[in-house]
Amino acid sequence: MTSEPTPAERREFAEFIAPLQQEPRSNMAMVGYDPVGIAKELEEFETKLFFDRASDGALLGVIGFDYDEPLGRGYLYGPWVVADDWNECAARLIDVVMAQTPSEMKAMETAFNKVNADAERFAAERGFELVRDHFTMTFEPKDRVLVPDPDIRDVQDSDRQRVMEIHERCFEGVWPTGAQLFEQLEKAPDRKIFVLELDGQIAGYHYATVDREVGEGFVDNIGVDETFRGRGVATRLLSHGLAWMFGFDEIKRIELSVREENQAALKVYEKAGFERLRALRQMRLDTSARL
């Protein structure tokens, strides 16, 4: 096992993970389904990767780990396992991860498809507790005409503080923080933050990304200031972002994730034409007792 795989091994891991991601019973929430996209995601977040091989060199399992220092929180990618003894292989992988986590880490999170019984049992046995359930939703344009909103514009430097404040209130205690939102924006050109001004101030924002190589777009975050809710701000921001994403010929569908309890957002997305793709479960392990 190692946390420093070669580029060739990273590609091998992505090819190993992809078919497991496409099967609900082994699907995890942290990455997509396409090996190209998976490799890019793992590389972008500088994910530490650990693996287990059989005596003949065949991969038995892979797990990844990221650490968010501002939140003091770790994130598990996987485990993805094909070994006959799933639990034994997964235990070896998580033991290696836990031995290398920062001592100051307060919590670790994992998320998986709700029908992934192996992952749920594994997390529960390790002391992870339920945080919340999510839905992944998907949108395909079909015959819909998507038109940009003339009153919505790209974010400017002068908007940064206001957008960060809205984001922190809407997504308190989760990744990315407001500062990280803008750090992600600067990592690649095919990312946008759109803002809508009402009554002289920013009412809300939409952070959207596209992956032209994979052919997918993502509604990463939509945040609306409390004083402007109920005025169709989220719907307008969503529609504008969809128009931008489908402006790329390569983009064939859009995905997003929404909390199950956020019924208002679910209604906005379903009204816009999004369909529920899969249900995900998020669980968290309190590691603060180690401090």
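What comes next concerns the included structure. (Residues numbered from 1 in each chain as written. Predicted model: local features only at pLDDT ≥ 70, side-chain atom pairs only at ≥ 80, totals over all residues. Heavy atoms only, no water.)

Moving on: the environment of V219. With respect to the secondary-structure elements, V219 resides in strand β9 (residues 216-224). For V219, a relative accessible area of 5% corresponds to the buried category. A C-alpha to C-alpha distance of 11 Å links V219 and W244, two positions 25 residues apart in sequence. Beyond its immediate chain neighbours, meaning those up to four positions away, V219 contacts H206, Y207, L238, M245, I254, E255, L256, Y269 and F274. (Helix = DSSP H or I, 4+ residues; strand = E, 2+ residues; numbered from the N terminus. Buried < 20%, exposed > 50% of the residue type's maximum accessible area, 1.4 Å probe, protein only. Contact = heavy atoms within 4.5 Å.)

Let's shift gears to the pairing of strand β1 (residues 48-53). Here β1 runs beside strand β2 (residues 59-68); their pairing, made up of 6 bridges, is antiparallel. From the neighbouring strand, D52 faces β2, where its bridge partner is G61. Here β1 folds back onto β2, and the loop between the two strands holds 5 residues, one of which, G57, carries a positive phi near 95°. (Pairing = 2+ DSSP bridges.)

Attention now goes to the sheet that holds strand β8 (residues 201-211). The 11 strands are arranged β1-β2-β3-β4-β11-β5-β10-β9-β8-β7-β6 in an open sheet whose pairing can be described as mixed. Two strands in the sheet have a free side with no partner beyond their single neighbour: β1 and β6 (152-154). Across this sheet, the average inter-strand angle for adjacent strands is 25°, counted without regard to direction. Pairing analysis gives 3 bridges linking strand β3 (residues 73-81) to strand β4 (residues 107-113), with the strands arranged parallel. Directly across from Y75, in β4, lies its bridge partner E109. Docked against the sheet, helix α6 (residues 178-185) engages β2, β7 (191-198), β8 and β9, running at close to 125° with respect to β7. (Axes fitted to C-alpha atoms, helices over the stretch in contact; angles between N-to-C directions.)

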